[in-house]
Amino acid sequence: MTGIDVAIDGIDGPTGPMVAAVAFGIEPGASLALIGESGSGKTLTAKSLVGLLPNGFVARGVLRVDGRAHPLDATDASWRRVRGREVSLLLQDPFTSLSPVHRCGPQIAWTLEAQAGRRLPKRELDLAVAKRLAEVNLPARVARAYPHELSGGMRQRVAIAAALASDPRLLIADEPTTALDASNQAEILDLLRALQIERGMAMLLISHDLGLVRGRTDDVLVMRHGEVVERGATATVLSSPEHAYTRALIAADPVLAIEADRHDRPDRPDRPDRPGDALGHGADIGVSGRIPLISATGVVKRFGLRTVLDGVDLSIAPGQVVGVVGESGSGKSTLARCIAGLEREDGGSIVFDGRPLAPGRRSRTPEQMQIVFQDPYSSLNPMMTIGAILREALAVGGRRPEEVPALLELVGLPADAAAKRPAQLSGGQRQRVAIARALAPRPRLLICDESVSALDVQVQAQILDLLGRLRDELDIAILFISHDLAVVRRIADTVTVVWQGRVVEHGTCAQVLDEPSEDYTKLLVAAARRDSTGRTTVA
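Residues numbered from 1 in each chain as written. Predicted model: local features only at pLDDT ≥ 70, side-chain atom pairs only at ≥ 80, totals over all residues. Heavy atoms only, no water.

Undergrad: An account of the environment of Leu 210 is needed here, citing residue identities and associated values.
TA: If you trace the backbone, Leu 210 turns up in helix α8 (residues 210-213). Separated by 43 residues in sequence, Leu 210 and Asp 253 have C-alpha atoms that sit 6.9 Å apart. (Helix = DSSP H or I, 4+ residues; strand = E, 2+ residues; numbered from the N terminus.)

Undergrad: Talk me through the sheet that holds strand β8 (residues 170-174); I want residue IDs and the actual numbers.
TA: Strands in a sheet are paired, the pairing made by backbone hydrogen bonds, and the direction either parallel or antiparallel. Sheet architecture is open: six strands sit in the order β7-β8-β9-β4-β10-β11, paired in mixed fashion. The open sheet has two edge strands with one neighbour each: β7 (87-90) and β11 (227-233). In this sheet, neighbouring strand axes are inclined to one another by 15° on average, regardless of whether the strands run parallel or antiparallel. Relative to strand β9 (residues 202-206), β8 runs parallel, the two sharing five bridges. The partner of Ile 172 across the bridge, within β9, is Leu 204. Helix α6 (residues 152-164) contacts β7 and β8 of the sheet and is inclined by roughly 170° relative to β7. The strands touched by helix α10 (residues 244-252) are β4 (31-35), β10 (219-224) and β11; relative to β10, the strand with the most contacts, the crossing angle is about 100°. (Pairing = 2+ DSSP bridges. Axes fitted to C-alpha atoms, helices over the stretch in contact; angles between N-to-C directions. Contact = heavy atoms within 4.5 Å.)

Undergrad: Please give an account of the pattern of salt bridges that cites residues and values.
TA: All told, the structure shown has 23 salt bridges when counted by the stated rule. Here Asp 167 ties to Arg 132 by a salt bridge, and the two come within 3.4 Å at their closest N and O atoms. Of this pair, Asp 167 sits in the loop between α6 and β8 while Arg 132 sits in helix α5 (residues 122-135), and the two are 35 residues apart along the sequence. Here Asp 167 falls in the partly exposed class, since its relative accessible area comes to 39%. Judged by relative accessible area, Arg 132 falls into the buried class, the value being 11%. One salt-bridge network, held together by shared partners, links Arg 132, Glu 135, Asp 167 and Arg 199. (Salt bridge = Lys/Arg side-chain N within 4 Å of Asp/Glu carboxyl O. Buried < 20%, exposed > 50% of the residue type's maximum accessible area, 1.4 Å probe, protein only.)

Undergrad: Summarise the packing of helix α4 (residues 104-116) against α5; cite the residues concerned and give the values.
TA: Put simply, α4 and α5 touch, their axes get as near as 9 Å, and they point 105° apart. As the angle between them shows, α4 and α5 are arranged roughly perpendicular. Taken together, the residues of α5 that come into contact with α4 (itself represented by Gly 105, Ile 108, Ala 109, Leu 112 and Glu 113) are Leu 125, Ala 128, Val 129, Arg 132 and Leu 133. The residue makeup of the contact of α4 with α5, split by class, is seven nonpolar, one polar and two charged. (Parallel < 35°, antiparallel > 145°, perpendicular 65-115°, else oblique. Nonpolar A, V, L, I, M, F, W, Y, C, P; charged D, E, K, R; others polar.)

Undergrad: Tell me about the nonpolar core, residues and numbers included.
TA: Ile 435, Leu 446, Leu 467, Ile 478 and Phe 480 are the most contacted members of the largest nonpolar core, which totals 50 residues. With sequence-adjacent residues up to four places away left out, Ile 435 is seen in contact with Val 372, Val 411, Ile 463, Leu 466, Leu 467 and Leu 470. Counting 49 residues, the second largest nonpolar core, distinct from the first, contains Leu 98, Ala 109, Leu 150 and Leu 195. (Core = buried A, V, L, I, M, F, W, Y, C linked by side-chain atoms within 4.5 Å.)

Undergrad: Can you tell me about the side chain of Ser 330, naming the residues and giving the values?
TA: Structurally, Ser 330 can be placed in the loop between β14 (321-325) and α12 (332-340). What makes Ser 330 buried here is its relative accessible area of 1%. Looking at Ser 330, its side chain comes within polar contact range of the main-chain oxygen of Glu 327, at 2.9 Å. Excluding its chain neighbours within four sequence positions, the residues that come into contact with Ser 330 are Val 308, Val 498, Trp 499, Gln 500 and Gly 501. (Polar contact = N/O pair within 3.5 Å; in protein donor to acceptor, adjacent residues only side chain to side chain.)

Undergrad: A description of the environment of Leu 408 should follow, citing residues and the corresponding values.
TA: In this structure, Leu 408 sits in helix α15 (residues 404-410). On the accessibility criterion, Leu 408 (0% relative accessible area) is buried. Linking Leu 408 and Ile 386, residues 22 residues apart in sequence, is a C-alpha distance of 9.5 Å. In contact with Leu 408, not counting residues within four places along its chain, are Ile 386, Leu 390, Leu 413, Pro 414, Ala 415 and Ala 418.

Undergrad: Can you lay out the packing of α10 against helix α17 (residues 457-474) for me, pointing to particular residues and giving the numbers?
TA: At a minimum axis distance of 8 Å, the contact between α10 and α17 shows a crossing angle of 50°. In terms of orientation, α10 and α17 fall into the oblique class. Taken as a pair, α10 and α17 cross one another with a handedness that is left-handed. Here Tyr 245, Ala 248, Leu 249 and Ala 252 of α10 lie close against α17, whose contacting residues are Val 457, Gln 458 and Ala 461. Of the residues in the contact of α10 with α17, the class split is six nonpolar, one polar and no charged. (Left-handed = near helix turned anticlockwise from the far one by under 90°.)

Undergrad: Any details on the side chain of Ser 166? Residues and values, ideally.
TA: Considering the arrangement of structural elements, one finds Ser 166 in the loop between α6 and β8. On the basis of relative accessible area, Ser 166 is assigned to the buried category, the value being 4%. Here Ser 166 is in contact with Gly 84, Arg 85, Thr 111 and Gln 115, once residues within four sequence places are set aside.

Geometric values such as these leave the question of function open.
Shown next as structure tokens:
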């Protein structure tokens, strides 16, 4: 008997049942997608299959790998004989799975030696590491690099090489491309698919991006509140969903909706597209027809000998959302950090409301601008209550602590959230808190740096709708940094495309995303418009 058979009787947590009975099988060389919103139970399901459930959680059931039964409630010592050898877990963030203080080569070598059960001669080990790197299209020199010296896509390829070094029968890929740009996402998932088929390996792919799941998996399970609500062939489920929840997921996914959106998205009546106006390049009047609140002209930033920003121009008017897109390492986040004063530019000028800003934070005030980062876990103090976090932010802006309930209401959170800590909230609720904290000093510019990339599609849609409402109600300017063109199209008035530290194209979303003129933009758009096979197609 070959293949993977899973029979989960249930997963219990500290507060009671978390996941109901789940059963599925995956044939060798086949792939199964597990999709659902945050808190649906998909990650708990995956972690139960490698014995890595958090403390206080217990799974009941059995995992069978090629007929060998592994009880899900086995001891950690028993799981160590399974983990890596028969089942391997590939995590969302390669920084989580790769040690930052060791070179990449030794980290792959550890898996090889663990599989062999002995230390291997150095020459044999070096050749084996180079072979594993070649399998994921990386040169042998990467073995000598530290993870931080590589791009996000290269780090994830190293993580894949390490995960597959022991030739597992099942690979569990948990949101493996969430933090990557569209072109890298497609490359990584196509690489996984090719390796999986070549090795005859089963794969369980967990994702909230339905566009990536389509065409790259054979079957799909849709989970909600710990239960499977729909299952079937991926193409069938995503094209003709039967359950209302599945239909809601598809409707909320910006990638699946991008073609329809491209043809029938109405222009905002109060912000008409004006072909004669373009953002940046020292324009005095922005696309909205209003004088820019902030203008960056000829911004240059170097890190050592490397030029990260090379003469970048950008301007944003009040009440305008400007999207900045580009692949990992293009310089878009560095531009945001220079505007916020978190990095000191080496050349060019940044003007806020007609007044030049000196490089660095001293020339910025909380009332001028605030930034919302990608991961609220990293930016919210886990030891403080939400109320304490917001009172601290209000104090910075010279506002009264009694405004906490009104601030929570502004971002759609109940007043009792003030008594909770970040860990007690969902991912979407935490991001709303991060937005509320940024709004506490009443800034005129809000910088969102990949602020929805780690969220599932329904929560993502809610946060984007919230930002749009805040823009309209507060007349706030928003700089929206993202690698996801579909998300940018949904929220932004205009878009600037950055490549290797330079602006290669800019204009309205309709101009840039429907009819890109530059080759690099065409590649980005092609990567975002996935055809029915899940692979990219040039528009």
